[in-house]
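Spelled out, the chains give:
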Amino acid sequence: MARIYLAYFVSGFVSLAYQIVWYRCFVDRIGASNITFVLVLCCFIGGLGAGSAASRRAAARLRPLLGGRDNLTFYGQIELIITVTALGLFVFSSLPNHIVSGFPYVLKGNVYEPTWIYQTLKVLAVVLCVFIPCFFMGITFPLLCAVFKRHERFPSRLYAWNTFGACAGVVVCEFVLIRYLGTTVAFCAALLLNALLGAWFLKQGERLFGLLVGQAAAPSESDSVDDSTEPEPAEKEANPSDTAPPPISLRTAAACAAVSGLLSGGLEADMLKRYALWGEHLKISFSFLIFWAIFAIFLASLCIRKPRAWRFPIIQVLFIAAFVYHLTAAYYHIPLRMWSNRFVLTYLTHDAYSVGLAESFMMNFFAIFPTYFCIALLLPHVCNRCQERRRHLGAVYGLNTIAFCAGVLVFGWIAPLVNPFYSVRAFVGVFAVAVVVLLTLSETRPPRRLLWAPAAVALALVFILSSRGVDRGFFRGREVETLPISHMRSDSAHVVFIAQEPGYRTEYFDCHPMSANNPRALQYMKLMAHFPLLAHTGPKTALLICFGVGNTAKAIADHSSIERLDAVDLCGPVFELAPQFADTNNRVYEDKRVRLIHDDGRNFLNLTAGTYDLITSEPPPPCHPGVGRLYSLEYYQACKRRLSPNGLVSQWLPIYQMTSEMLDRSVATFRLVFPYTMMFVGAEEDIIIVGSPEPIDFSRVETRFACDKRVLADLESVGVKSVTQLLARVVQVDDTIDERFKGKGILTDENNFLDYAVTTQFVWYQIVGGRKMLTGPFVQERAALGYHSLPVLKELKRQDLRCYEQLRAILESPESLKKIVPDFPIYLPAPPAAKPKAEGQGNRKAHEGKEKRDADLR
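Overview of the structure. (Residues numbered from 1 in each chain as written. Predicted model: local features only at pLDDT ≥ 70, side-chain atom pairs only at ≥ 80, totals over all residues. Heavy atoms only, no water.)

Our next topic: the overall build of the protein. Check the secondary structure of the protein and you find 33 helices and 16 strands. In the protein, buried positions account for 58% of the 858 residues. A separation threshold of at least 6 residues defines the contact pool for the protein, and within that pool the share at least 24 residues apart is 78%. For the protein, the exposed surface amounts to about 34,700 Å²; the carbon and sulfur share of it is 60%. (Helix = DSSP H or I, 4+ residues; strand = E, 2+ residues; numbered from the N terminus. Buried < 20%, exposed > 50% of the residue type's maximum accessible area, 1.4 Å probe, protein only. Contact = heavy atoms within 4.5 Å. Areas by Shrake-Rupley, 256 points an atom, 1.4 Å probe, with all protein chains shown as cover.)

Listed below in structure tokens is the structure:
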């Protein structure tokens, strides 16, 4: 039996490795939307549930086709089928993107939405690649429980080993295989383990089956797959003198399985929404959420091995404790977050990645483990009680997983469409109703039919009466907590709202400020469009990825040569809120040349057949989940494929939100794709990087600077009144970029360092003079961008600019540069104080220095 447990440990490991890889791959192929997450999770859990519910019939049909072997050999055959069906991911990944048309969108209002065919193909791809192998995974648990049906506690033990393997799969796959070896290697490792597991049972299954049940009357094939016969007396694992407990009612078992599944799925979805509202934006937070949820299931299944200690009334009381703890942990989340930060930084480590890892690990434990543990006790208890009566577990396990999917759908997708504040409140209400229903159940008597009508009415009232307003408790400790909030919209993934700040407005995603119309934002958003467009001979088409509040789109539309602008954003509410920024975006959303497209920007690049003279993007900060895809090698290659022969790409680099390694890898990846690259100052440390397959012509910028009056007026509105002021912003050119960033490592979809980048913003303690003192925010090593005027001057001189002498006078003097570009972020040291010199000596030295600089420039 120990071998069976170990085998099911490996099966759990493989299943979670599959899930993690599936999600990553589908994000890259069909977009990083909330629908992708819900689809993958529901197909994963739903496949397990459907396979479990249909296990008896499926086994009865498959067994003759596979040779009619014993149950353990049949189990090995099922594992091999899982391996083969999981290979469908490779087939899907190899399919061309142009299966759908070059523009699979339909106009709804003033926004282009994906067509139903396009959406259906997405769903079909996930179902074929995820649901089918998970269906066969679902068969295995009831199958093995049927083999050992005389062992009353076998289901909880088997479930414990399986979930323990799943915990190991999350940690090893996410933090070892994918991080260091890549997604494909992780998936191939899972396939290999799956195949070896199936092959081993195929070879040893018959011998093991005889070894395990040979001493007793071996169960017939009908015993294995059909439990309709009268059950035999159960073998006692406890003291033989103990009296057997009364049998569990099947209706009660079904009700308990449904309650446990609904709360488990709802809690997981609810915590994801809470994390977004709290600002837990690190990808590792999601990984640890999954880890602690599965570990709670493992520990609960392990505890149920002692039936006397965890009887049904005790589990009912623990559900009340789970409800109370969930409310308490949510209320004290921010203080706990700050305490864990101080604890880690004071007693454990100061390394940025280790700090974020430890904080996330601890906070996920506080947030979800105790609640999930109490909820997870119910299912293995019910499975054990059904096993005592020789009941097939397929229906109970299947109902539990289907209810789990319902919880994920309701609280991960449907309720958040109103807004996440409404969703978390509704979940608390549903949690309370579920606890009351559970308390009314008797383990040995069927639930009364009169119970369901009041329960349904209570659930309906929860969804009707739950408040839809903002809960500022989620914003504690953040600036937005005290700001006036208006125009709230939600797309189930994010709640988007506008906060009124002194003199300007900011657009927030959850609790993160994403875009604004303040002077700094207006400046860099406009320059990231104007500079590359002026460097083009005559731009006609442009693609904007991430619309924001429309500042960049307005700047692009100001160029009279533009004939079409495609603005793509994954978050639909940004288009709805665009009129609230009409004073700065000039109602660009009404321009007939502009197409507003609601889709994942990278996915759009892979689908469109058009080419663009400019592709510009301003994604969220690089450390946010899923954003690393917009800084990867594959993304830049997709941009390059959609560029016209002399087109340009520009992208926002917020170096104040990046570590040195994040900046090094991002620029090195960009430079690897675009042979001609430069960087300029957008606004302070908001740097814009520009790339092109052709040399970037600064003289063209000089020639075209004043050709378009609307462009000139827009540049003047952000303080750029002359071409010298614009070109003086150049901070890096090809030579300096190669010198600083060449060989620094690249970012790929297979292995994206940004997925594991960690930043933190909470206060912490520091030991000063032997005393523990509270300091300001913990700041890890931030990225720094060096500046040397000589290489920039060489590049400007090579391009034979008419304003070169003016630029030379500006760039050679730090004081002049700071005067012309006040927001220049690079530290420019002042020249050393000159010593007194004899008359004429200073003039001679200055002349010699000038000659040397001229020689260097030549």
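Moving on, we come to the sheet that holds strand β4 (residues 495-501). If you trace the 4 strands from one edge of the open sheet to the other, you get β3-β4-β5-β6, paired in antiparallel fashion. Since the sheet does not close on itself, it has two edges, and those belong to β3 (485-490) and β6 (512-516), each with one partner. Taking each pair of neighbouring strands and ignoring which way they run, the sheet shows an average axis angle of 30°. Bridging between β3 and β4 involves 4 bridges; their strand directions are antiparallel. In the sheet register, Arg489 faces β4, and the bridge partner there is Val496. (Pairing = 2+ DSSP bridges. Axes fitted to C-alpha atoms, helices over the stretch in contact; angles between N-to-C directions.)

Let us look at the environment of Ala17. Inspection of the secondary structure assignment puts Ala17 in helix α1 (residues 2-30). Taking relative accessible area as the criterion, Ala17 reaches 1% and is therefore assigned buried. Between the C-alpha atoms of Ala17 and Val172, which are 155 residues apart in sequence, the distance is 8.5 Å.

Another aspect to go through is the sheet that holds strand β13 (residues 686-692). Taken in spatial order, the 10 strands of this open sheet run β1-β2-β9-β8-β7-β10-β11-β13-β12-β14, and their pairing is mixed. At either margin of the open sheet sits one strand with a lone partner, and together these are β1 (105-108) and β14 (730-732). Each adjacent strand pair in this sheet contributes to an overall mean axis angle of 25°, direction not counted. Note: strand β8 (residues 564-569) against strand β9 (residues 594-598), 5 bridges, orientation parallel. Of the residues in β9, the one forming a bridge with Ala567 is Leu596. Contacting β10 (612-617), β11 (643-654), β12 (676-683), β13 and β14, helix α19 (residues 519-534) crosses the sheet at an angle of about 150° to β12. Where helix α29 (residues 734-741) meets the sheet, its contacts fall on β12 and β14, and the angle it forms with β12 comes to roughly 90°.

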